Amino acid sequence: MAYWLMKSEPEVFSWDDLVAKGAQGEEWDGVRNYQARNNMRAMKLGEKAFFYHSRTATEVVGICEIIAEAHPDSTTDDPRWECVDVRAVQPFPQPVTLAMCKADPRLADMVLVNNTRLSVQPVRDSEWAVVCELGGL
DNA sequence: GCCAACGTTGGC
DNA sequence: GCCAACGTTGGC
């Protein structure tokens, strides 16, 4: 079971927007980056991902679940781009900010800290546990 | 809003 | 295949 982290600008699509979609979830479309796409292709049904607010909030706000594996992105005719569907599972009692991640030596190798521009990224098991702890879960 | 980092494109 | 130009992302 792999863990992931997915970024979204809250002005475009926020955690609250995903929560509002309920059990049907939402397509994680719009990714136009090969690395990010490859990560989505590797996602399996039922795997969990952190939902991260980029740019204005820069914090992990909740946990979502993969409810559909990679399929063509409905927002483009370009067959290169695929996306998965996700639904909100659980918000963090306390959001985990980027600053908190940078400050914790256990997260020094986290992709979020080292490759800021990758919007869909893998999270190691140990990192998943640390972020959950920091978030009060 | 600015700018650095990174990815992609296209001319050669 | 190289590399300059350009576009986009995301932290600040």
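Along each chain, residues carry numbers from 1 onward, in the same order as the chain's sequence is written. Here every chain gets a letter starting at A, and every ligand a number starting at 1, in the order they are written. Selection of residues for local features in this predicted model requires a pLDDT of at least 70, selection of side-chain atom pairs for listing and counting requires 80 or more, and totals for whole chains, interfaces and linings are taken over all residues. The side-chain values count all of the structure's non-hydrogen atoms but skip hydrogen atoms and water molecules.

Engineer: Explain the side chain of D73 residue by residue, including any values.
Structural biologist: Strands here mean DSSP runs of E at least two residues long; helices mean DSSP runs of H or I at least four residues long; both are numbered from the N terminus. Relative to the helices and strands, D73 resides in the loop between β4 (59-72) and β5 (82-97). Partly exposed residues are those whose accessible area sits between 20% and 50% of the maximum for their type, while under 20% is buried and over 50% is exposed, using a 1.4 Å probe and protein chains only. D73 gets classed as buried once you look at its relative accessible area, which sits at 2%. The contact definition used throughout considers only heavy atoms, calling two residues in contact when any of these lie within 4.5 Å. When residues no more than four places from it in sequence are discounted, the contact partners of D73 are E27, D29, G30, V31, R32, W81, E82 and C83.

Engineer: Now, about the packing of aromatic side chains: what can you tell me, with residues and values included?
Structural biologist: When the centres of two rings from Phe, Tyr and Trp lie within 6.5 Å, Trp using its six-membered ring, the rings pair. Their planes under 30 degrees apart give stacked, over 60 give edge-to-face, and anything left gives tilted. Scanning the model with the defined rule gives 8 aromatic pairs in all. With a centroid separation of 5.4 Å and an interplanar angle of 80°, the aromatic rings of W28 and F51 are classed as edge-to-face. Of this pair, W28 sits in the loop between β2 (26-27) and α2 (34-41) while F51 sits in strand β3 (residues 48-53), and the two are 23 residues apart along the sequence. One exposure class covers both W28 and F51, and it is buried. Clustering of aromatic rings is evident, with ring pairs tying together Y3, F50, F92 and W128.

Engineer: Now, about the protein's contact with DNA strand C: what can you tell me, with residues and values included?
Structural biologist: If you check the shell around DNA strand C, you find K7, Y52, S54, R55, T58, L98, K102, T116, R117 and S119 and nothing else. Throughout, near means a residue has at least one heavy atom within 4 Å of the molecule or strand. The protein-proximal atoms of DNA strand C, defined as those within 4 Å of the protein, are 49% sugar or phosphate. In this structure, R117 approaches DNA strand C through a side-chain N or O atom, which is 2.3 Å from a base oxygen. Each residue is assigned to one of three groups, with Ala, Val, Leu, Ile, Met, Phe, Trp, Tyr, Cys and Pro labelled nonpolar, Asp, Glu, Lys and Arg labelled charged, and all others, Gly among them, labelled polar. Taken together, the residues of the surface near DNA strand C sort by class into 2 nonpolar, 4 polar and 4 charged. Whenever two N or O atoms come within 3.5 Å, that pair is a polar contact, provided that in protein one can donate a hydrogen and the other can accept it, and provided that, for residues adjacent in sequence, both atoms are side-chain atoms.

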